[in-house]
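As a plain string of letters, each chain reads:
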Amino acid sequence: MIDSSFQQALDFIYSFIDYERQGPRVRQTWDLRRVEDLLSRLGNPHLKSKTVHIAGSKGKGSTAAMTSSVLTAAGYKTGLFTSPHLHFYNERIRIDGSYISNEEIVDMVARVKPAVEAVNKEAKYGKLTTFEVTAAIGFSYFADKNVDFQVIEVGLGGRLDATNIVNPEVCAITSISYEHMDLLGNTLTAIATEKAGIIKPGCTVVISPQVDEAGRVFEEIARQRQARLIRVGDDITHKDLGFKNFKQTLQVKGRLGEYRFTIPLLGQYQLDNASVAVGVLEVLMEKGYRIPVQKLVEGMANVSWEARLQVINHRPLVIVDGAHNGDSVRKLKEALKHYFKYDKAVLILGLSSDKDVEGIVSELAPAFDKVIATRSIHPRAMVTEPIVVEFRKHNIEARQTDDISIALPMALKMAGEKDLICVTGSLFVASGAIEQAMVLGLKP
């Protein structure tokens, strides 16, 4: 049972506009001046620690988790700020792998509340959102705990994101693809331009391999801002050394050395993400921070990041993955064939209401024998009928349930021991499946 004071703190946080949970979303509602005003009233906690800032469409969370894990292994007290959370709010703010506690959230809300109310009372630049308040709590917590580094994942976009008030030691941009087009634009050029908003004048930015359209944007903006650009695929390369026991081993050739290590994360794209993290860490090494090779290896081996090709059961294989756009489900489909052996495949798919259901279904339909359409409890979850209609166009009659806790047992009855069940479409559906797997007693 949740303590009443903690529930009151959460109620305060969620009492503001929350664009993760509601719509419609309008670009004009974002204004960094109100975030700057709030943080100024709090003593500018975001400037107290060395910062790594990471944006991207896919992979930014994994890259942030890898970077922070290595920094922790190297002996630095390291904060990690990510979004959204999978199971509970505390996941968004952690230090050296440990989540902020309920009691600490209560304390931090009490600390930021007067400043939040003052900013909203004046409302010179509009009123604060839930994510902006969360960012202020995260920065204040890291400052209060005197972390050496804070690894900050961008929430959405980059240019107008609430986190884009930091002064980073180094920033990174992972793979760019079509996402949040209602806010970021409907071309890769427009989306990349928003992501590139985190590139500060004179800073160093590490980028993962990009399609030409996005890559050109990053090169031009880096040139304009006299920022140093480090490219994975050119300046940093990697070699896939295979996988075993659901772990991948790779050799990364960086600018300062070569590193052989294993990560407990599957997916070819994780090799790119790991290489971006190496690029970020090498920039910090150049600045004088001590990160021994053996600590890099240790940190990479210990990284934890849920719902990314995560195995939650073996017989049948049950895989959960938060793929949510055409590019990510295409990579998911390829990864299933690459990493796993199975007879038939059952898909559980649930999407958020703003997703490209036609494009996602067209990618997934050829790879699955049976389909269950479902939805998460998230307020922005898509109803199941559009998913069913799209699969019908591919001559697949999808079953449907509005409850992910029903969808997984349904799939388990449909699958044989040598079959595969894949749960995907959104992180919220993936998290629901993970929670239900625990109830059912499934074990990886």
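See the structure printed just above.
Fair warning: this is a prediction, and the values are worked out from it, not measured in the lab. (Residues numbered from 1 in each chain as written. Predicted model: local features only at pLDDT ≥ 70, side-chain atom pairs only at ≥ 80, totals over all residues. Heavy atoms only, no water.)

(A) Geometry of the overall build of the protein chain. Along its length, the protein chain carries 15 helices and 17 strands. In terms of C-alpha radius of gyration, the protein chain reaches 21 Å, essentially the compact-globule figure of 22 Å for 444 residues. Principal axes of the C-alpha set define a box for the protein chain whose edges measure 55 × 50 × 40 Å. Burial statistics for the protein chain: of 444 residues in total, 58% are counted as buried. (Helix = DSSP H or I, 4+ residues; strand = E, 2+ residues; numbered from the N terminus. Rg over C-alpha atoms; globule rule 2.2 N^0.38 Å. Buried < 20%, exposed > 50% of the residue type's maximum accessible area, 1.4 Å probe, protein only.)

(B) Main features of the sheet that holds strand S11 (residues 258-263). One open sheet holds the three strands; their spatial order is S9-S10-S11, and the pairing between them is antiparallel. Whereas interior strands pair on both sides, the edge strands pair on one side only; in this sheet they are strand S9 (237-244) and S11. This sheet shows a mean twist of 15° between the axes of neighbouring strands, independent of strand direction. Note: strand S10 (residues 247-253) against S11, six bridges, orientation antiparallel. Opposite Gln-248, over in S11, you have Ile-263 as the bridge partner. Across the face of the sheet, helix H9 (residues 268-286) comes into contact with S9, S10 and S11 while running at roughly 45° to S10. (Pairing = 2+ DSSP bridges. Axes fitted to C-alpha atoms, helices over the stretch in contact; angles between N-to-C directions. Contact = heavy atoms within 4.5 Å.)

(C) Spotlight on the packing of aromatic side chains. Within the structure shown, the criterion is met by twelve aromatic pairs. Through successive ring pairs, a cluster of aromatic residues spans Phe-243, Phe-246, Tyr-339 and Phe-340. (Phe/Tyr/Trp six-rings, centres within 6.5 Å; stacked < 30°, edge-to-face > 60°.)

(D) Just the environment of Thr-72, in detail. For Thr-72, the location among the structural elements is in helix H3 (residues 60-73). Sequence separation between Thr-72 and Asp-96 is 24 residues, and the spatial gap between their C-alpha atoms is 5.7 Å. Among all residues touching Thr-72, those that are not within four sequence positions of it are Thr-78 and Asp-96.

(E) Region of interest: the packing of helix H14 (residues 404-414) against helix H15 (residues 427-440). Where H14 contacts H15, the two axes come as close as 9 Å, and the packing angle between them is 65°. Crossing handedness for the pair H14 and H15: right-handed. Two secondary-structure elements touch here, H14 through Ile-404, Ser-405, Leu-408, Pro-409 and Leu-412 and H15 through Val-429, Gly-432, Ala-433, Gln-436, Ala-437 and Leu-440. Class assignment for the residues of the contact of H14 with H15 results in eight nonpolar, three polar and no charged. (Left-handed = near helix turned anticlockwise from the far one by under 90°. Nonpolar A, V, L, I, M, F, W, Y, C, P; charged D, E, K, R; others polar.)

(F) Region of interest: the pattern of salt bridges. Evaluation of the coordinates by the stated rule reveals 23 salt bridges. Between Arg-255 and Glu-286 there is a salt bridge whose closest N-O contact spans 2.9 Å. Within this pair, whereas Arg-255 is found in the loop between S10 and S11, its partner Glu-286 is found in helix H9, the two being separated by 31 residues in sequence. Note on Glu-286: relative accessible area 39%, which makes it partly exposed. A single network of salt bridges, built from pairs that share partners, joins Asp-327, Arg-330, Lys-331, Lys-333 and Glu-363. (Salt bridge = Lys/Arg side-chain N within 4 Å of Asp/Glu carboxyl O.)

(G) Up close: the environment of Ala-196. For Ala-196, the position within the fold is in the loop between helix H7 (188-195) and strand S7 (204-207). By relative accessible area, Ala-196 is classed as buried at 0%. Placed 176 residues apart in sequence, Ala-196 and Ile-372 show a C-alpha to C-alpha distance of 38 Å. Those residues within four positions of Ala-196 in sequence are excluded, and the remaining contacts are Ile-173, Phe-218, Ile-221 and Arg-225.

(H) Local environment of the pairing of S7. Across the two faces of S7 the burial is the same, with Thr-204 and Val-206 and Val-205 and Ile-207 all buried. Examined bridge by bridge, strand S6 (residues 170-173) and S7 share three bridges and lie parallel to one another. From the neighbouring strand, Ala-172 faces S7, where its bridge partner is Val-206. Pairing of S7 with strand S8 (residues 228-231) involves four bridges; the strand directions are parallel. When the sheet's bridge partners are listed, Ile-207 is paired in S8 with Arg-231.

(I) How the structure looks around helix H4 (residues 102-122). Here H4 contains 21 residues, and its C-alpha end-to-end distance of 30 Å stays within 8% of the 30 Å for a straight helix at 1.5 Å per residue. When the local axis directions of H4 are compared, the greatest deviation, roughly 40°, occurs at Val-112, which is followed within four positions by the proline Pro-114. Every buried residue of H4 is listed here: Ile-105, Met-108, Val-109, Val-112, Ala-115, Val-116, Val-119 and Asn-120. Buried residues along H4 sit against helix H1 (4-13), helix H2 (32-41) and helix H5 (130-144). Ala-123 occupies a position one or two residues after H4 and carries a positive phi of about 50°. (Expected span 1.5 Å × (residues − 1). Bend = angle between axes of the 7 residues up to and from the residue.)

(J) Representation of the side chain of Asp-31 within the structure. Mapped onto the elements of the fold, Asp-31 is located in the loop between H1 and H2. In this structure Asp-31 comes out as buried when scored by relative accessible area, which is 18%. Reaching out from Asp-31, the side chain makes a polar contact with the side chain of Arg-33 at a distance of 2.8 Å. (Polar contact = N/O pair within 3.5 Å; in protein donor to acceptor, adjacent residues only side chain to side chain.)

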